[in-house]
Every structure is written in structure tokens, then in C-alpha cells.
Amino acid sequence: MTRAGPTTTERLHRGTGAAAAVVLAAGALTAASATPAAADDLDHSPLRTLAGARTGLSEAMGVARDGAGNLYVANQVGWVTVYGPNGNGDVTPTRRIQGSATGLGAPCGVTVDAAGQIYVSDRGASPAIRVFAPDANGNVAPARTITSPALTQPCDLELGPGGTLYVANEHAPDAVLVFAASAKDKTTPTRVIQGNLTKLDSPVGLAFDARGDLLVANFSGDSVTAYAATANGNAAPRRTLTGATTRLDGPSDLEVDRRGFVYVANQLSPAVQVFAAGADASTAPARSLQGANTGLGTAPPRGLAVASDHSIAVGQWVANKVSVYRAVIAPPAAPKPPATPKPRITVPGKVRALTVTGARKAKKRTIRWKAPASNGGAAITRYRLVIKKGSRTLVTKAPGAGKRSYTVKRSKLRNGKNKVSVRAVNAKGSSAWAHKTFVVRK
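Per chain, residues are indexed from 1 in the order of the written sequence. Given that this is a predicted model, residues contribute local features only at a pLDDT of at least 70 and side-chain atom pairs are listed and counted only at 80 or more, while totals for whole chains, interfaces and linings are drawn from all residues. Values shown for side chains rest on all heavy atoms present in the structure; no hydrogens or waters enter the calculation.

### Thoughts on the overall build of the protein chain
- Scanning the protein chain for helices and strands turns up 3 helices and 33 strands.
- Relative to a compact globule of 442 residues, whose C-alpha radius of gyration would be 22 Å, the protein chain shows 39 Å and is clearly more extended.
- Here the C-alpha coordinates of the protein chain stretch approximately 125 × 50 × 45 Å along the principal axes.
- Split into buried and exposed, the 442 residues of the protein chain put 51% on the buried side.
- Of the contacts formed within the protein chain by residues at least 6 apart in sequence, a portion of 56% connects residues at least 24 apart.
- Within the structure as shown, the protein chain displays about 18,800 Å² of accessible surface, and the carbon and sulfur contribution to it stands at 53%.
- A residue counts as positive if it is Lys or Arg and as negative if it is Asp or Glu; His and the chain ends are not included. Charge positions come from single atoms, namely NZ of Lys, CZ of Arg, CG of Asp or CD of Glu. Of note, the protein chain has its 56 positive side-chain charges centred 47 Å away from the centre of its 25 negative side-chain charges. Strands are runs of DSSP state E lasting at least two residues, helices are runs of H or I lasting at least four, and both sets are numbered from the N terminus onward. In this description the radius of gyration comes from C-alpha coordinates, and the expected globular size is given by 2.2 Å times residues to the power 0.38. Burial classes: relative accessible area under 20% of the type maximum marks a residue as buried, over 50% as exposed, and values in between as partly exposed (1.4 Å probe, protein chains only). Any two residues having at least one pair of non-hydrogen atoms within 4.5 Å are treated as being in contact. Per-residue and other accessible areas were derived by the Shrake-Rupley procedure at a 1.4 Å probe size, with only the shown protein chains allowed to occlude residues.

Pasting the structure below:
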């Protein structure tokens, strides 16, 4: 997502003065302005840190990730560097957009669209939005450049619905400018959110929340204001997140993850504050990433980007580095797969084709049958075979599941009409009997 970077005005913000900027770099101001610890504070060390001469990082401001997880960094001194998803340590960028042809003077924010085009806000001597081709590398000219008299101090930028581009203009005036994402050359914004009702106060960070509202981080206002995506003119915010409970102090960027949580980079009381979706008024953070182990106290956050695994990349302009932290909001538990319904088991159907072969005076008779058409949803475990003469039981057998016949001697039978009955048995129970009568002559 697009990220913001500090201006001279911000560095002098609240009367810190030029000398105080040096103090901030040393971390002394942090100790003086840090908010008290709370139960939900998480003092995590970074998972990875990009830092060192090879990285090319110099006043790292805006950070963004593309669909493949690559990390883009706007360096305020005049270039954009790109790193692989797991870049760590003093590594060389995979790409570096730098040189006179790029036109970059003081990059602040960066974002990447679905096609891989790289949008960079530049608030150098010639403020503009410079758009580079997806594979841009080296001293290359932008594919197109968006300029406008309204672009005086462009900071964060965010691609919005319907092919729009939103730009936070930090000062003179404090405004959010909306352009067609395909705009080029000198153009007029299609909409401008500006005026006393907007409560914009040094707008530096932009994001869209889960409702589709535009969120704006106001550095001097210590607030996050929310507007309808179609807001225009002197439009009052739909809601405002501000007040001591929020612990917002110089918010310099914000991001929304896929679950709707809002992440705010806090520069003056260094931290990343995380709010539940739809947080309003003086809502307290759900989580706060801050403390000695984070390293944010001596290198306050400016820009941030949240990856698909909810890890947080933080641009730290004072220290010329980017730190990546593990998720501070646990991902939701994976939904349990629906229980596979157990098959409904019933008793088997009747055995089929029950026959008795052999002449009436034969010394042996053979009884045969076929398995039931349905086993009831459970394997046949055995059969039960009974031969009777009237009410008197002559033979009882339990052939195994693989048996389909039984031979009985004439000596066990009685003269006259005999009846054989067979049924199948499974785990549920027994089928109905199948019957067959036959005559014996002795």
C-alpha cells in the first residue's frame, strides 16, 4: 500500500525545531513522549530488518507490497528500491529506480496496482505523481506523470474504486485529491476533499476500510478521519478516531488488513497502534506494538504495509531501515471442516435367489443363495440358516459372510415337507427371513 514520508514542516512539528530532529534520531524525544505501557502492548523484536549500505535505503518513507509479496520503498533522497518478500539484512535491492531520467526528487509514498504499475508521489522541486512500468529498473523515465497545481506536498497515495487515485496533500492546502488512475500530464483533480468541516490536519496516510470508507491519518491532528469514498468538497467525516484513549500521537500512515483491523504508524510516541474494524471516537487500540525490543523508539515508524500473513513492514526514515514484525493480531482459527455425516446404517435387505437342489430321495441337499441387494450401509458379517419340519428345528447354522451355500445330509432332515430360512446379519442387525420349502422322501 502507499506510504507517507516526512516533510520539513513535520520535522519541525510542534516546535521541536531543527535541533530536535537530531534528538529524535537519538531517541531522546521518544523517552519523553512515550505513552505508558498497557496490558495489550506487544514488545516484539523484528523478524527481519533491511539495513546497511547495500540496501540503498536512505530516509525510508513509504512502503508497499505487491501481490507477490515484494517490498517497495520510497526513499526521500530520490529513489525507489525493491526487495524480495523475505529480504533481510544488508542485501542489494532486486531493483532500484534511480537517476535523472526518473524525475524523482523527494519520493514520499508508493503503491503498486494489480498490473504491477508503480505509483510514486514526489514532493520534490516539481511535485507530481510518477507512474513507472511494472519492470522499471535503473535510470528509466516514468511511463507517465500526473501534475497539477493542487499537488503541492503529495504524501501517501491509494488506488480506489472505479479506477481512481487518492492522494494525501499534506499542506497548502490540507486536502485529499482524487484523480483518474489513468491520468497523465497536467490535469485537474476530479474531486477535492478540503475545508474546515473535513477536520483534515496535515493528512499524510490513506487507506480504505472494510466498509469501503476512506481513512485518513492526520499527523498534526492526532486523528484518523473516515469519509465516504465519494466524498467531495468541504465534507465532514463520517467518524473520527481521536483522543487520549486512542494513544494516537503524530500518526504518519495507516493500513487495513483483510480482516478489517486498522494499523496506524505513530511517529511521535513511536508505536504501531492496531484498532478493531469500525473503531470510532476515543476507542482504545486492540493492540500496540511498542517497547525497547521493537527498536521503534530510536527509529520511529513512518510508512507501513501489512502482508497477507499479517506481518507488518515499517519504514524507519531516521535509521535508514525497514523492519518487519510478526502479526500482532492472531489470525482467526482455521474453521473446522464440517463433520462428515456418518452413513445411516440399516439392517440388510433379504437374501436373494434362495434355492434347494437335489432329488427328493438324494442323500444330500444343497442350499444356495445370493447376497442381499443392499447391505444396509455396513458389511455383512454372517448369515443365519435354519431348517425346520413344522415347528421343530432340525438344523441351525451361521455361515460366514463369504459363504453362499450349505449342504445338508438327508439323515438330518425329516420325511415330507421341510422349510429352510436364511437371513443376512450386519452391525445393525438381521434382515428379514427368506424362505424356501422342499420335500424329502426317505
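### Focus on the sheet that holds strand 28 (residues 364-370)
- Strands are treated as partners if at least two bridges between them are detected by DSSP. Read from one edge of the open sheet, 3 strands run 27-28-31, paired in antiparallel fashion. Edge positions in the sheet fall to strand 27 (352-357) and strand 31 (405-409), since each of these pairs with one other strand and no more. Each neighbouring strand pair of the sheet contributes to a mean axis angle of 15 degrees, computed without reference to strand direction.
- Here strand 27 runs beside strand 28; their pairing, made up of 4 bridges, is antiparallel. Looking at strand 28, one finds that Val356 is bridged to Ile367. Where helices are involved, their axes are fitted lines through C-alpha atoms of the stretch in contact, as for all axes, and angles between N-to-C directions lie from 0 to 180°.

### A look at the nonpolar core
- The biggest cluster of nonpolar side chains holds 21 residues, and the ones touching the most others in it are Ile367, Trp369, Tyr383, Leu385, Ile387, Val420 and Val422.
- Going through the elements one at a time, strand 27, strand 28, strand 29 (382-389), strand 30 (392-397), strand 31, strand 32 (416-425) and strand 33 (434-440) are the ones with two or more residues in this core. What makes a nonpolar core is a set of buried Ala, Val, Leu, Ile, Met, Phe, Trp, Tyr and Cys residues whose side-chain atoms join them at distances within 4.5 Å.

### Some remarks on the confidence of the model for the protein chain
- Here the protein chain averages 90 in pLDDT, and 91% of its residues register 70 or above.
- The predictor attaches a confidence to each residue, and that confidence, scored 0 to 100, is pLDDT. Here residues 1-36 is a poorly scored stretch, pLDDT under 50, and it has 107 contacts once near neighbours within four places are set aside; other chains count.

### Concerning the pairing of strand 26 (residues 321-325)
- By the criterion of burial, strand 26 is predominantly enclosed, with 5 of the 5 residues buried.
- Where burial is concerned, the two faces of strand 26 agree: the one with Lys321, Ser323 and Tyr325 and the one with Val322 and Val324 are both buried.
- Here 5 bridges tie strand 25 (residues 312-316) to strand 26, and the two strands are oriented antiparallel to one another. In the sheet register, Ile312 faces strand 26, and the bridge partner there is Tyr325.

### Observations concerning the sheet that holds strand 11 (residues 154-160)
- A sheet is described by the order of its strands in space; here 4 strands give the open sequence 11-12-13-15, paired in antiparallel fashion. Strands with a single pairing partner mark the edges of an open sheet, and in this sheet they are strand 11 and strand 15 (191-193). Each neighbouring strand pair of the sheet contributes to a mean axis angle of 20 degrees, computed without reference to strand direction.
- Pairing of strand 12 (residues 164-169) with strand 13 (residues 175-180), which is carried by 6 bridges, proceeds in the antiparallel orientation. Note that in strand 13 the partner of Tyr166 across the bridge is Val178.

### A word on the pattern of salt bridges
- Just to be clear on terms, a salt bridge is a Lys or Arg side-chain nitrogen sitting within 4 Å of an Asp or Glu carboxyl oxygen. As enumerated under the stated definition, the model contains 8 salt bridges in all.
- Residues Asp41 and Arg247 are paired through a salt bridge, measuring 3.0 Å at the closest nitrogen-oxygen approach. Of this pair, Asp41 sits in strand 1 (residues 41-42) while Arg247 sits in the loop between strand 19 (239-242) and strand 20 (251-256); the two residues are 206 residues apart in sequence, bridging distant segments of the chain.
- Classification of Arg247 as buried rests on a relative accessible area of 13%.
- A salt bridge links Arg238 to Asp213; the nearest nitrogen and oxygen atoms lie 2.8 Å apart. Of this pair, Arg238 sits in the loop between strand 18 (223-227) and strand 19 while Asp213 sits in the loop between strand 16 (203-208) and strand 17 (214-218), and the two are 25 residues apart along the sequence.
- According to the relative accessible area criterion, Arg238 is exposed, its value standing at 56%.
- Salt bridges linked by common partners bring Asp209, Asp213, Arg238 and Arg239 together as one network.

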